[in-house]
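What follows is the residue order along each chain.
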Amino acid sequence: MKTKPKQTETEQTIRLNKFIADAGIASRRKADELIAEGRVKVDGKAVTELGTKITKANLVTVDGDPITHVQHFKYILINKPKDTITSSKDEFGRKTVVDLIRTRARLFTVGRLDRNTTGVILVTNDGDLAHRLTHPAYQIERTYKVGLDKEMKIEDIKRLAMGVDLEDGRAEPVELAVMPDDRSVAYITLREGRNREVRRMFEALGYEVRKLDRKSFAGLTASGLARGEYRHLTRNEILSLKKIVKLI
């Protein structure tokens, strides 16, 4: 019986959104948006169907710019300051976290933080890693320091620890600690990463979040970094992230 000849690297198919992500242009989710908006062409023809597969022999362009599969990945941790947008660019000209970095590489954020939320955020051009770090299936832990408008009642602390119902389902903290000498300050660890989840959890119990600082993401902290400063991840940190999301 004849065996099927092994495909060469250029003959192997790959999803178009993954190709764009692997090239460091955008995360897979953002790549899907680019495709749906008709901004991606394959061999000169616009492709809008999500799930399209290509080979590395195809010419892919985004907004007219050709992209290649070969990319030198960068992994950067930023201590995000207030009034900074978690985006590579902003249509209103507001300052973004990418503006804080001295590089010519096209980078994007891993997930999002509110404009006034401070603390740890990752920036990279590794689309596959970014996709997995933000996917709910991988349960990436995020720890926040929360400053409230008033001290929490004991019964509300217990309610929060047990989980609260939000419009998109029940939200339960992995860990919760409220400062004994100031119950308006709490530390909360979550794994889901829903939109504005921390703020909504406290709002559901009648509290307003005045300050929100992400202390850690996937075990990484901004220790030693002032607001607005950044550093490149170490090789061991990169390997650790990839192990968490089963890339190695």
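Quick note: structure is the one above.
Quick summary incoming for the structure in this document. (Residues numbered from 1 in each chain as written. Predicted model: local features only at pLDDT ≥ 70, side-chain atom pairs only at ≥ 80, totals over all residues. Heavy atoms only, no water.)

Right, let's talk about the pairing of strand 14 (residues 185–190) for a bit. When a strand is regular, its side chains alternate between the sheet's two faces. The element strand 14 is extensively covered by neighbouring structure, given that five of its six residues are classed as buried. The sheet contact formed by strand 10 (residues 142–148) and strand 14 spans six bridges and is antiparallel. Its bridge partner lying in strand 14, Thr143 is registered against Thr189. In this sheet, strand 14 lies alongside strand 13 (residues 175–178) in antiparallel orientation, the contact comprising four bridges. Directly across from Ala177, in strand 14, lies its bridge partner Tyr187. Here strand 13 folds back onto strand 14 in antiparallel fashion, the turn holding six residues. (Buried < 20%, exposed > 50% of the residue type's maximum accessible area, 1.4 Å probe, protein only. Helix = DSSP H or I, 4+ residues; strand = E, 2+ residues; numbered from the N terminus. Pairing = 2+ DSSP bridges.)

Overall, the coordinates contain one aromatic pair when judged by the stated rule. Stacked on the ring of Tyr207, the Lys or Arg Lys150 has its end atom at 5.2 Å from the ring centre. (Phe/Tyr/Trp six-rings, centres within 6.5 Å; stacked < 30°, edge-to-face > 60°. Lys NZ or Arg CZ within 6 Å of the ring centre and 35° of its normal.)

In this structure, Arg196 is a non-glycine residue whose phi angle is positive, near 50°. Structurally, the position occupied by Arg196 is in the loop between strand 14 and helix 5 (197–203). Although it is not a glycine, Lys246 sits at a positive phi angle of roughly 65°.

The biggest cluster of nonpolar side chains holds 31 residues, and the ones touching the most others in it are Ile78, Val146, Met152, Ile188, Val198, Met201 and Phe202. Of all the elements in the fold, those that place two or more residues in this core are strand 7 (75–80), strand 9 (118–124), strand 10, helix 4 (154–162), strand 11 (164–166), strand 14, helix 5 and strand 15 (209–217). Membership of the second largest hydrophobic core comes to 19 residues, among which are Leu77, Val110, Leu122 and Phe217. (Core = buried A, V, L, I, M, F, W, Y, C linked by side-chain atoms within 4.5 Å.)

Ordered in space as 3-2-5-6, the four strands form an open sheet in which the pairing is antiparallel. Both outer strands of the open sheet, strand 3 (45–46) and strand 6 (65–67), are each paired with one neighbouring strand and no more. Two strands pair when backbone bridges link them, and strand 2 (residues 40–42) and strand 5 (residues 60–62) are joined in this way by three bridges, in the antiparallel orientation. Residue pairing in the sheet places Val40 in a bridge with Val62 of strand 5.

Mapped onto the elements, Tyr230 comes out in strand 17 (residues 230–232). Along the primary structure Tyr230 and Leu100 are separated by 130 residues, whereas in three dimensions their C-alpha atoms are 8.0 Å apart. Beyond its immediate stretch of four places on either side in the chain, Tyr230 contacts Ile76, Leu77, Ile78, Leu100, Ile101, Arg102 and Leu225. Separated by 3.2 Å, the side chain of Tyr230 and the backbone nitrogen of Arg102 make a polar contact. (Contact = heavy atoms within 4.5 Å. Polar contact = N/O pair within 3.5 Å; in protein donor to acceptor, adjacent residues only side chain to side chain.)

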